[in-house]
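These are the residues of each chain, in order.
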Amino acid sequence: MRHEPRRDNRGILDPVRLRRQVRFRRRMAAPALRQWVEHYWLIDWDLDEPFEQRVVPHPTVNVVFQAQDGAAEHGEIAGVDTGLFAVTLHGVGRVSGVQFRPGGFRPFWRRPVAELTGRHVPIPDGPVCPGTDDERCARLDDLLTSWSPVADPLAAEATALVEEIRADRSVLRVADFARRHAVSTRRLQRLFLDHVGVGPKWVIRRYRLQEAIEQAAAGPLDWSRVAADLGYADQAHLVREFTAVAGVSPAAYARSLAALGQ
């Protein structure tokens, strides 16, 4: 079990610009919650003009509390977003968020997580935003503990499988992955929909696409080679999927970062 948050930018489009515009931090949850919670994420901003941030989401559920421009804080459960997530920040505001581990929200939700996919469900509990980072994280710890999660071996199995997909770039096809673990593709599909919220094929494709985005930031690249390495049928397939999710082609994304000196 990790004792500090990940430091990668996977899924964040133009992460350097994000950190120039807002204060973005990750913090670990209380030790008893870490089997389910990836990290807390805290954002504060004071902007002279609106700022749009785009994210290619992970296969995870988030719980988010936000206050902006003096409006009352509101909280919500955000299910797995299968498209590009974009948010526009303006004025003065703050967010306290929980990113669960894939499969980690099932012990709190106690129903198939696919029910939440693509949805945002209001939370009456809170507020948690005001205060220091330590105070905000302590309120999130208290809130999640009050939801009385119960250890679930199937949730733990789903979390481990998704982590393997995330870390092992050789995982490209569901049938091969199922054989590796001596399970049927149908069982894998049911497990992922129930505990993660999306199927294993989507998880594989999403993590490989996030790798392509990270590699694009280092461009220029041989995109035909990248496509082959990441399991796409050809370069055109990679470009179509990258553009459909990120909103721009890989080459255009690389050029935009280069123009900003990143």
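What counts and how
Each chain carries its own residue numbering, running from 1 in the direction its sequence is written. In keeping with the predicted nature of the model, local features appear solely for residues at pLDDT of at least 70, side-chain atom pairs appear and are counted solely at 80 or more, and the whole-chain, interface and lining totals rest on all residues. Side-chain descriptors were evaluated using all non-hydrogen atoms of the structure, hydrogens and water having been removed beforehand. Every axis in this analysis is a line fitted to C-alpha atoms, fitted for helices over the stretch in contact. Angles between the N-to-C directions lie between 0 and 180 degrees. To qualify as a helix, a DSSP run of H or I must reach at least 4 residues; to qualify as a strand, a run of E must reach at least 2; elements of each kind are numbered from the N terminus. Every angle not falling under 35 degrees, over 145, or within 65 to 115 is termed oblique; those three ranges are roughly parallel, roughly antiparallel and roughly perpendicular. Here a residue-residue contact requires only that any non-hydrogen atoms of the pair lie within 4.5 Å. Note on residue categories: nonpolar means Ala, Val, Leu, Ile, Met, Phe, Trp, Tyr, Cys or Pro, charged means Asp, Glu, Lys or Arg, and polar means any other residue, Gly included. Put simply, a nonpolar core is a bunch of buried Ala, Val, Leu, Ile, Met, Phe, Trp, Tyr and Cys residues held in one set by side-chain atoms that sit within 4.5 Å of each other. When a residue's accessible area, from a 1.4 Å probe over protein chains only, is under 20% of the maximum for its type it is buried; when over 50% it is exposed; and in between it is partly exposed. For this document, the term salt bridge refers to a Lys or Arg side-chain nitrogen within 4 Å of an Asp or Glu carboxyl oxygen. The predictor attaches a confidence to each residue, and that confidence, scored 0 to 100, is pLDDT. Think of it this way: DSSP has to see at least two bridges between two strands before they count as a pair.

Close contact between helix α7 (residues 200-216) and helix α9 (residues 235-246) brings their axes to 11 Å; oriented N to C, the two are set at 90°. Between α7 and α9, the angle falls in the class roughly perpendicular. The residues of α9 that touch α7, namely those facing Arg205, Arg206, Leu209, Ala212, Ile213 and Ala216, are Leu238, Glu241, Phe242 and Val245. Split by residue class, the contact of α7 with α9 holds seven nonpolar, no polar and three charged.

Ranked by size, the top nonpolar core spans 25 residues in total, and within it Val37, Tyr40, Val63, Ile77, Phe100, Phe105 and Leu144 carry the most contacts. Among the elements of the structure, β2 (37-46), β4 (62-68), β7 (92-100), α2 (106-109), β8 (120-123) and α3 (133-146) are those that each provide at least two residues to this core. Top element by residues in this core is α3. It accounts for four residues. Those residues in contact with Tyr40 that sit more than four places away from it in its chain are Arg25, Arg26, Arg27, Met28, Ala29, Leu33, Gly97, Val98, Cys137, Leu140, Asp141 and Leu144.

The phi torsion at Ser148 lies on the positive side, around 50°, for a residue other than glycine. Within the secondary structure, Ser148 sits in the loop between α3 and α4 (153-167). Although it is not a glycine, Ala182 adopts a positive phi angle of roughly 55°. One can find Ala182 in the loop between α5 (174-180) and α6 (185-195).

Let us now look at the pattern of salt bridges. The full count for this structure, using the stated rule, is 19 salt bridges. With a closest N to O distance of 3.7 Å, Glu214 and Arg10 form a salt bridge. Within this pair, whereas Glu214 is found in helix α7, its partner Arg10 is found in the segment before α1 (15-21), the two being separated by 204 residues in sequence. Exposure remark for Glu214: the relative accessible area of 35% places this residue in the partly exposed category. Residue Asp44 is joined to Arg23 by a salt bridge in which the shortest nitrogen-to-oxygen separation is 3.9 Å. With Asp44 in strand β2 and Arg23 in strand β1 (residues 23-27), this pair connects stretches of sequence that are 21 residues apart. What emerges from the salt-bridge pattern is a single network uniting Arg23, Arg25, Asp44, Asp133 and Arg136.

This part is about the confidence of the model for the protein chain. Summing up the model confidence of the protein chain, the mean pLDDT is 91 and the portion of residues at 70 or higher is 95%. Per-element confidence in the protein chain ranges from a low mean pLDDT of 79 for helix α10 (residues 250-259) to a high of 98 for α6.

The next thing to look at is the sheet that holds strand β5 (residues 74-78). Taken in spatial order, the six strands make up an open sheet running β1-β2-β7-β4-β5-β8, and their pairing is antiparallel. At either end of the open sheet lies a strand with only one pairing partner, and these are β1 and β8. Between one strand and the next, the sheet's axes are offset by a mean angle of 20°, whatever the strand orientation. As paired strands, β2 and β7 are joined by nine bridges and run antiparallel to one another. Along β7, the bridge assignment pairs His39 with Gln99. Against the sheet, α3 engages β1, β2, β4 and β7, with an angle of about 135° to β2.

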